[in-house]
Amino acid sequence: MRIAVDASTDSSRDLLSLEDGRMPVLQGKYNVPHFDAKGEGNQLFTEAGVPTTFLNTTFFFQGFLQALAPRRGEDGVLTLTLPLEDGKLLAGVDVADIGRTAFALLRGGERYIGRTVGLAGDHLTGTRYAEKLGAAIGEPVRFQSVPYDVFRSLEIPAAEEIGNMFQYYGDFDREFTGARDLNRLRELNPALRSFDAWLAENGSQFQVD
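Each chain carries its own residue numbering, running from 1 in the direction its sequence is written. Owing to the predicted nature of the model, reporting of local features is limited to residues with pLDDT of at least 70; listing and counting of side-chain atom pairs is limited to 80 or more, with chain, interface and lining totals taken over all residues. Hydrogen atoms and water are omitted, and side-chain values are computed over all heavy atoms in the structure.

Caption draft 1: Looking closely at the nonpolar core. Among buried residues, those of type Ala, Val, Leu, Ile, Met, Phe, Trp, Tyr and Cys that are joined through side-chain atoms within 4.5 Å constitute a nonpolar core. For every residue, the accessible area obtained with a 1.4 Å probe (protein chains only) is divided by the maximum for its type, and the residue is called buried under 20%, exposed over 50%, and partly exposed between those limits. Ranked by internal contacts, the top residues of the largest apolar core, which has 48 residues, are Phe 64, Leu 80, Leu 82, Phe 166 and Phe 195. Put simply, DSSP H or I for four residues or longer makes a helix, DSSP E for two residues or longer makes a strand, and each gets a number counted from the N terminus. When residues in this core are grouped by element, the largest group, five residues, is from helix H5 (residues 159-171). Apart from the residues within four sequence positions on either side, Phe 166 is in contact with Phe 59, Leu 68, Leu 82, Pro 83, Leu 84, Leu 90 and Tyr 148. A contact between two residues is defined here by any heavy atoms of the two lying within 4.5 Å.

As structure tokens, this is what we get:
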């Protein structure tokens, strides 16, 4: 049995054709390269008939410690800036839960062969992420929603790809977030961390000026 760990659904192109036009096509053939290239790899195993379970992950909580960490605004307020529409849910997961869940699937044996398991530890809005980050850091954090096109134009590494990724999360939230049933996932992996649990373990790592 093989566990294929993906970073999203098998491919964004399952729901969004390259001709759709709502987001720029990257590298000539991808909506979200790190989604779609892995989807292409998964297709090889499907075509080969290899007994496989696909484990599809999502946004990593660790991103809040890195490129998407809260930054202090010009007015001095810590701000979580994301290309995420107000009220939309962002499915997130602790990176360590990928291995724990993969192990649970392997331990589950043949009943998972041929299945796709969408992984997440929490579904929260940008405002709720900001509130929880503020509690962990010890001062208020506000959420600032940035339009996808604006984020794609920022001079930060992989801005276009990150903007496309978040637009995919937002435009297809029912299909993407809806495929990640937190109750069922915790039956499979009882140690699956919520964002609160992840913050309790990692909140001290935030460095703010």
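Caption draft 2: Examining the layout of surface pockets more closely. Whether a set of points on the 1 Å grid over the protein atoms alone is a cavity depends on a 1.4 Å probe fitting there but being unable to get out, while an open set qualifies as a pocket with protein on both sides within 12 Å along at least five of seven lines; lining residues are those with an atom within 4 Å of a point. Grid points are joined across faces, edges and corners, and a volume is the space filled by probe spheres set on the points. When its volume is computed, the second largest pocket comes out at roughly 310 Å³. Ala 67, Ala 69, Arg 71, Thr 81 and Phe 151 are the residues nearest the centre of the second largest pocket, which is lined by 17 residues in total. Secondary structure elements with two or more residues in the lining of the second largest pocket: strand E4 (71-72), strand E5 (78-82) and strand E9 (141-145). When residues in the lining of the second largest pocket are grouped by element, the largest group, three residues, is from E5. Of the residues assigned to the lining of the second largest pocket, the class counts are 10 nonpolar, four polar and three charged. As a working rule, the residues Ala, Val, Leu, Ile, Met, Phe, Trp, Tyr, Cys and Pro are called nonpolar, Asp, Glu, Lys and Arg charged, and the rest polar, with Gly in that last group.

Caption draft 3: Local environment of the pattern of salt bridges. Within this document, salt bridges are pairs made up of a side-chain nitrogen of Lys or Arg and a carboxyl oxygen of Asp or Glu, the two lying within 4 Å of each other. This structure, assessed with the given rule, holds 12 salt bridges. With its nearest N and O atoms 3.6 Å apart, the salt bridge here joins Asp 94 to Arg 100. Linked through salt bridges whose partners overlap, the residues forming this network are Asp 94, Asp 97, Arg 100, Arg 193 and Glu 201.

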